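# Coordinate inspection notes
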Amino acid sequence: MTQAVRKEVLRSIPDPGQSAILPKEGETNILITSALPYCNNVPHLGNIIGSVLSADVFSRYNRTRNRRTLYICGTDEYGTATETAALKECITPKELCDKYHALHKETYEWFDIGFDLFGRTSTPQHTEICQSIYLSLGKNEYLEKQVRDQTYCQGCQKFLADRYVEGVCPHCSFPDARGDQCDSCARTLDAIDLLEPRCLINKTHRVVSRSSSHMYFRLDKAQPQLEEWIKASYKKGKWSANATINTEGEIVDARMKSGLRPTPVTRDLTWGVPIPPLGREDDKEMYGKVLYVWFDAVIGYPSITANYTPEWRQWWLNPDNVKLYQFMGKDNVYFHTIYFPAMLLADGRNWTTLHHISTTEYLNYEGGKFSKSKGRGVFGPAARDTGIPASVWRYYLLATRPETADAMFSWADCITANNNVLLKNFGNFVNRALKFVSSQYDGTIPESGDAPGPLSPNDALDAEFISEVNNLLKEYIDAMESVKLRLGLQTIMLVSNRGNGYLQASGLNKALMTENPQRCAQVVSRAVNLIYALSALVYPFMPATSEAVLQQLNAPARTVPEVLSTDILAGHQIGKPDHLFKNIDKKMEDVWKTKFGGTDGTKEEAAPVSKRKAKKGVNASGKAEIVVENGPKSPEVIALEAKILEQGNYVRSLKERKEKKDVIDVSVLELKRLKTELVTLEKV
């Protein structure tokens, strides 16, 4: 088939993982990491949106800007958690890591997560880099020995890490408290404080207290330099407010405000990075110990990069040419804004340090928490078993990405997002325009009269349409550059919605083709070129959908345009039009709720609710309001809920784009009207 596409707009940076890529001096080079998942569990939807999916979106976006981009992640494999999980499964830690690494990799591949390398921390390169940083800290006098009491098993003849010990909680007397935390009263514990301690390996063994020597990282010494770095990086990288620093640039982390203290970097374990000798008298006391997992895990980022390329230093020791973006859940902020940067600063080499941090709150499940033990929620490969395509999963998770507050997964909302947004908005626009080209022009783009390149915002017929699309393209780029991924996705749907409106207002049909063939050709060309632009916009969020659009257009991957242009030219032959999305039967909501709702029949633990939200759930009399669902919802209610969801997303996008107050107020009033109408309808 003939292709007639402007070569100036084509994407030159390949898809993730296709070829080794290195930064180039004088260009924008983007290094991206997502928090390394523990290698002793199965990821659920909240884990996926919390780091790996969000980072993948930003990685793919930068590729659509033709920027050299590297996205690294992998399994965090060392430490007590791995040893104890292996013990319970009666396999070695290495066997456990092999098993779960493969499971994580399979899950992420199905979700179209495009790592350049999904590696692991149990590699020779990891050991080498970890030990080199440890030796640098020792050389620069950031390590000190401390002697502390620890639990010791006389039967095993070794010190026991906290998770190898169980006993009676000293606070609430719960008989099966772990060495690090009591599951009954939720207090953090020190294993040495447990009453009647028991060895997890053999509960008949006698557990006593003995002193043990460990190396501590002097965070107190690193704090002055670290504070300067945090304030400078926060300003330069335009961090969003987090647990370390607020919007005024004031450090608010309680540990830093009270003064950082030395923290242990060694453990009495066998599964980990061996402690290298420092050439000091206390080396003998460190023999047989390993690095603490919190110390070695974050070094996984450069070590996995070292597995990707022997030239890893070009990425990690090149702060003048590389910008580091890190994605994680909110519980990981301390380790990426304080602990890891302090380590790199104390090391003394010129490391590439954090430029921008992107964190998420928690995604909960249908009014409660995800729970693997109770079978509650969607874990790992189970998403594939629903028959919902990966693109739809990605869209819904990103549309509900918990950027500023906890979010709730809902099957009803997921189905509505597919049927009312993807199918009726995005999919309808693409299919309607391309089917018209196929049926009326035999699949060949007609001569429109538009010159190749940007369309004029002063166009005689479509000035308003072109200007609105150009404004939306700018808003999309601004959102994505600021790592406001949810806003970027909302903007895409506004673009496709504008495309639907354009086809409707232009009266694209056979009659127009007969009565005004030149205008019909012009509308077709502009609609097809808007679809080509959408293929690039949607690529970060739904790469498979983007690929399907490109196949139907018979066009190569392109960059994100700054303005609407004529890039697919007259004479170009499109591929075969097809539906991008399929309708999901609303009855599947109950099927999936039952399948993933848990099987033990006990009352599920409710998701945490903020005080503000809890207050809203109390009526004027001070009594809690109870919402009771009586049977299946009517079609009218379902349709109205879909409208409310769409209007709510629109209001949120207006606020995030900081539109004028009067524009927002009108949309809010419409949202309130719809909600009032829903309340009235539900009472019928």
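Right, let's walk through the structure included here.

About the thresholds
Residues numbered from 1 in each chain as written. Predicted model: local features only at pLDDT ≥ 70, side-chain atom pairs only at ≥ 80, totals over all residues. Heavy atoms only, no water. Pairing = 2+ DSSP bridges. Helix = DSSP H or I, 4+ residues; strand = E, 2+ residues; numbered from the N terminus. Buried < 20%, exposed > 50% of the residue type's maximum accessible area, 1.4 Å probe, protein only. Polar contact = N/O pair within 3.5 Å; in protein donor to acceptor, adjacent residues only side chain to side chain. Contact = heavy atoms within 4.5 Å. Core = buried A, V, L, I, M, F, W, Y, C linked by side-chain atoms within 4.5 Å. Axes fitted to C-alpha atoms, helices over the stretch in contact; angles between N-to-C directions. Parallel < 35°, antiparallel > 145°, perpendicular 65-115°, else oblique. Left-handed = near helix turned anticlockwise from the far one by under 90°. Nonpolar A, V, L, I, M, F, W, Y, C, P; charged D, E, K, R; others polar. Expected span 1.5 Å × (residues − 1). Salt bridge = Lys/Arg side-chain N within 4 Å of Asp/Glu carboxyl O.

This part covers the sheet that holds strand E8 (residues 195-199). The strands that make up a sheet are held in pairs by hydrogen bonds between backbone atoms, and each pair lies either parallel or antiparallel. Strand order in the open sheet formed by three strands is E7-E6-E8, with antiparallel pairing between adjacent strands. The sheet terminates laterally at strand E7 (177-178) and E8, the two strands that pair on one side only. Bridge analysis of strand E6 (residues 165-168) against E8 gives three bridges, and the strand direction is antiparallel. The residue of E8 that forms the bridge with Val-168 is Leu-195.

For the rest of this paragraph, the subject is the side chain of Arg-394. As for its position among the elements, Arg-394 is in helix H13 (residues 390-399). Given the relative accessible area of 0%, Arg-394 is considered buried. Polar contacts involving the side chain of Arg-394 include one to the main-chain carbonyl oxygen of Phe-541, which spans 2.7 Å. Among residues more than four places away in sequence, those in contact with Arg-394 are Leu-53, Asp-56, Val-57, Arg-60, Phe-111, Asp-112, Ile-113, Pro-540, Phe-541, Met-542 and Pro-543.

Ranked by size, the top nonpolar core spans 170 residues in total, and within it Phe-295, Met-343, Phe-426 and Phe-541 carry the most contacts. In this structure Phe-426 touches Val-421, Ile-492, Met-493, Ser-496, Leu-534, Val-538, Thr-545, Val-549, Leu-580 and Phe-581, once residues within four positions along its chain are discounted. Listed in part, the 15 residues of the second largest apolar core include Leu-160, Cys-169, Ala-191 and Leu-194.

Let us now look at the packing of helix H14 (residues 411-440) against helix H16 (residues 485-506). A pair of packed helices can be characterised by two numbers: the angle between their axes and the separation between those axes. Taken N-terminus to C-terminus, the directions of H14 and H16 make an angle of 50°; their axes are 9 Å apart at the nearest point. One way to sum up the angle between H14 and H16 is to call them oblique. Relative to H16, H14 is oriented so that their crossing is left-handed. Note on element contacts: H16 touches H14 through Ile-492, Met-493, Ser-496, Asn-497, Gly-499, Asn-500, Leu-503 and Gln-504, opposite Val-421, Leu-422, Lys-424, Asn-425, Phe-426, Asn-428, Phe-429, Arg-432 and Ala-433.

With 11 bridges connecting them, strand E4 (residues 143-153) and strand E9 (residues 207-217) associate as antiparallel partners. If you follow Leu-143 over to E9, its bridge partner there is Phe-217. Bridge count for E4 against strand E5 (residues 158-159) is two bridges, and the pairing is antiparallel. Paired with Tyr-152 across the strands is Phe-159, a residue of E5. A loop of four residues connects E4 with E5, the two strands running antiparallel in sequence, and Gln-157 in this loop sits at a positive phi of about 55°.

Right, let's get into the packing of H14 against helix H20 (residues 588-595). For the pair H14 and H20, interaxial distance at closest approach is 9 Å and the crossing angle is 140°. When the axis of H14 is compared with that of H20, the two are oblique. Judged by the sense of rotation from one axis to the other, the crossing of H14 with H20 is right-handed. In contact with Trp-411, Ala-412 and Ile-415 of H14, H20 contributes Met-588, Glu-589, Trp-592 and Lys-593. When grouped by side-chain class, the residues that make up the contact of H14 with H20 number five nonpolar, no polar and two charged.

Compared with an ideal rise of 1.5 Å per residue, which puts 22 residues at 32 Å, H16 spans 32 Å between its outermost C-alpha atoms and is within 8% of the ideal. Counting buried positions along H16 gives 18 out of 22 residues, so the element sits mostly inside the fold. Directly beyond the C-terminal end of H16, a positive phi value near 65° is found at Gly-507.

So, about the pattern of salt bridges. Considering all chains together, one arrives at 41 salt bridges under this definition. When the shortest N-O distance is used, the salt bridge between Glu-285 and Lys-145 registers 2.9 Å. One end of the pair, Glu-285, is in helix H7 (residues 283-286); the other, Lys-145, is in strand E4, and 140 residues separate them in sequence. A residue is classified by how much of its surface remains accessible, and Lys-145, at 34% relative accessible area, is partly exposed.

As a further point, take unusual backbone geometry. One non-glycine residue, Gln-157, lies in positive phi territory at about 55°. One can find Gln-157 in the loop between E4 and E5. According to the relative accessible area criterion, Gln-157 is exposed, its value standing at 62%.

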